[in-house]
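Structural characterization, general
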Amino acid sequence: MKLSLISKYRTHIMGFAILWIMWFHSPYTWKNEALHFIHDIGFYGVDMFLLVSGLGLYFSMRKSKSIGEFYKKRAIRILPAYLIVTVSWYAFYKPEVSFTDKLLSILGINYFRGNITGRPEYFDWFLPTLFVLYLLTPLYDKLFQKASVKWKFTLLCMTISPLLCIIFYHTGQQVLYGSTVRIAVFLVGYWIGWFLYEKKTEDKASWMVHLPLLFVGITLVYCIQKYIKNPTVFWGLNCYPALLVAPSLCVLLGGLFYLADKYLKVVGKILLFPFYICGKYSLEIYLFHQRIMEIANGDKGAPIRNFLATKWHINAFSPGYYFLIGIVSIILGAALHELIALVTRLITKNGKKKKHTVTEESDQTNAEEAVKENATPATKEATV
């Protein structure tokens, strides 16, 4: 099992991550202790996502001709879906929020100033975090490329994460823990991207290595959850075992996906398909799932819950209820992604047509001018 399997099955791993996150966001109390624990650590899906995002960003930086092109690719992928969902959310579901708060929330500013203003109204912590990481990636890449020993530089930069947590702890900005504790795993993903892109020699990393690392990471988070009683300290430490869990779990999943793909043939492709679909549409699924969960579990969702209980015999807040929310989120996410892709293709196609037409007109004009220039001397000669 190689690190390269993370890159090969990157989309599938993202699919697993978003499914785990959706499960985590479903507030159902499982009676089975093992299921309850796996549900409670579903936030590690975010760490897995940031790990493979860091890996992908390294490849993107190498393939982009300029920083402008790098930002353009990120903007095209994220902003259309993000703006459609957020603007619609505030326009139709939360019209009572002031225009200023709407704007600051959509821009991600309210997340970073939430505890200062005392306003709980901010939209998603994950997308503002992603925006900042994308914004800083070109600068980090320049420093990273200059470093002679990449892993030492990565470790040094990873210390920024706990330092920021300590600062936010003492300034009452614990709401930012969700971002700061995950800087470290993002940087690990960036290092893995460098390692794979530069085609460094790599021995086959046995499952006998990754399984113990995964076990140690899971044990650490279990001990943190069981013995750390201070909620502020708990959330400050809870994500750091991801430095063991996320890479090992991604490699092990990549190995399982590879084995299923290679040896199970058609059955394997069928098993991998849901993970691929969820990974492909992970951003849009995340955006919809967050909002649908709030509607479905709030007062405005009461008619929906009554309808499902009466017509389909699906009890509110049951596993079936949250499974249905997940399916709806996936369908809406896929539809939005494909709609944006279609519109983008049409715009690009029209842009190319216009450019081609302008080029043809320019060529025709140049040709006509050339003919006139060539024809003028001949006329004078004939006149003379």
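Structure shown above.
The numbers attached to residues start from 1 for each chain and follow its sequence in the written order. With pLDDT at 70 or above as the cut-off, local features in this predicted model cover only qualifying residues; side-chain atom pairs require 80 or more to be listed or tallied, and sums for whole chains, interfaces and linings still use all residues. Each side-chain value is derived from all of the structure's non-hydrogen atoms; neither hydrogens nor water enter the calculation.

1. Thoughts on helix 2 (residues 10–25)
A run of H or I in DSSP counts as a helix once it spans at least four residues, and a run of E counts as a strand once it spans at least two, with each numbered from the N terminus. Expected span, for any helix, means 1.5 Å times one less than how many residues it has. In a regular helix each residue adds 1.5 Å, so 16 residues correspond to 22 Å; helix 2 covers 23 Å between its end C-alpha atoms and thus fits that length. Among all positions of helix 2, only His-12, Ile-13, Met-14, Gly-15, Ala-17, Ile-18, Trp-20, Ile-21 and Met-22 are buried. To sort residues, take the accessible area from a 1.4 Å probe on protein chains only and compare it with the maximum for the residue type: under 20% means buried, over 50% means exposed, and anything in between is partly exposed.

2. Regarding the packing of aromatic side chains
Under the pairing criterion, centres of Phe, Tyr and Trp rings, with the six-membered ring standing for Trp, must be within 6.5 Å; the plane angle then separates stacked pairs below 30 degrees from edge-to-face pairs above 60, leaving the rest tilted. Inspection of every chain in the model, using the stated rule, returns 32 aromatic pairs. Each member of the aromatic cluster is reached from another via a ring pair, and the members are Tyr-58, Phe-59, Tyr-140, Phe-144, Phe-153, Tyr-190, Trp-191, Trp-194, Phe-195 and Tyr-197. By definition, being over a ring means that NZ of Lys or CZ of Arg is both within 6 Å of the ring centre and within 35 degrees of the ring normal. Between the NZ or CZ atom of Arg-74 and the centre of the ring of Phe-70, over which it lies, the distance is 5.2 Å. One residue, Arg-291, lies across the ring of Trp-89, its end atom 4.8 Å from the ring centre.

3. Regarding a nonpolar patch on the surface
Patches here: salt-bridge-free residues with over 30% relative accessible area, like charges joined within 9 Å, nonpolar side chains (Val, Leu, Ile, Met, Phe, Trp, Tyr) joined within 5 Å. The Shrake-Rupley method, run with a 1.4 Å probe sphere, supplies the accessible areas, and residue values consider only the shown protein chains as cover. Salt bridge, as used here: a side-chain nitrogen of Lys or Arg that lies within 4 Å of a carboxyl oxygen of Asp or Glu. A cluster of nonpolar residues, Phe-112, Val-132, Leu-135, Leu-136, Leu-139 and Leu-143, forms a patch on the protein surface that exposes about 530 Å² of accessible area. With five residues, helix 9 (residues 126–146) is the single largest residue contributor to the nonpolar patch. Counting through the fold element by element, Phe-112 comes out in helix 7 (residues 109–112).

4. Overview of the packing of helix 17 (residues 265–280) against helix 18 (residues 282–297)
Between N-to-C directions, angles cover 0 to 180 degrees, with each direction set by a line fitted to C-alpha atoms, over the stretch in contact for helices. Running from N to C, helix 17 and helix 18 cross one another at 75°; their axes reach a closest spacing of 5 Å. The angle between helix 17 and helix 18 falls in the class roughly perpendicular. When helix 17 is examined against helix 18, the residues Cys-278, Gly-279 and Lys-280 are found in contact with a partner set consisting of Ser-282, Glu-284 and Ile-285. Split by residue class, the contact of helix 17 with helix 18 holds two nonpolar, two polar and two charged. Angles are sorted into four bins: roughly parallel if under 35 degrees, roughly antiparallel if over 145, roughly perpendicular if 65 to 115, and oblique for all others. In what follows, a contact means two residues having at least one pair of non-hydrogen atoms within 4.5 Å. Nonpolar residues are Ala, Val, Leu, Ile, Met, Phe, Trp, Tyr, Cys and Pro. Charged residues are Asp, Glu, Lys and Arg, and all others, Gly as well, are polar.

5. Quick look at the pattern of salt bridges
For the coordinates displayed, the defined rule picks out eight salt bridges. Across the pair Arg-62 and Asp-141 runs a salt bridge, and its minimum N-O distance is 2.7 Å. Here Arg-62, found in helix 4 (residues 44–63), pairs with Asp-141, found in helix 9; they are 79 residues apart in sequence, far enough to count as distant. When the shortest N-O distance is used, the salt bridge between Glu-284 and Arg-77 registers 2.9 Å. On the criterion of sequence distance, the pair formed by Glu-284 in helix 18 and Arg-77 in helix 5 (residues 67–93) is long-range, its members being 207 residues apart. A single salt-bridge network, built from bridges that share partners, covers Lys-94, Arg-291 and Glu-294.

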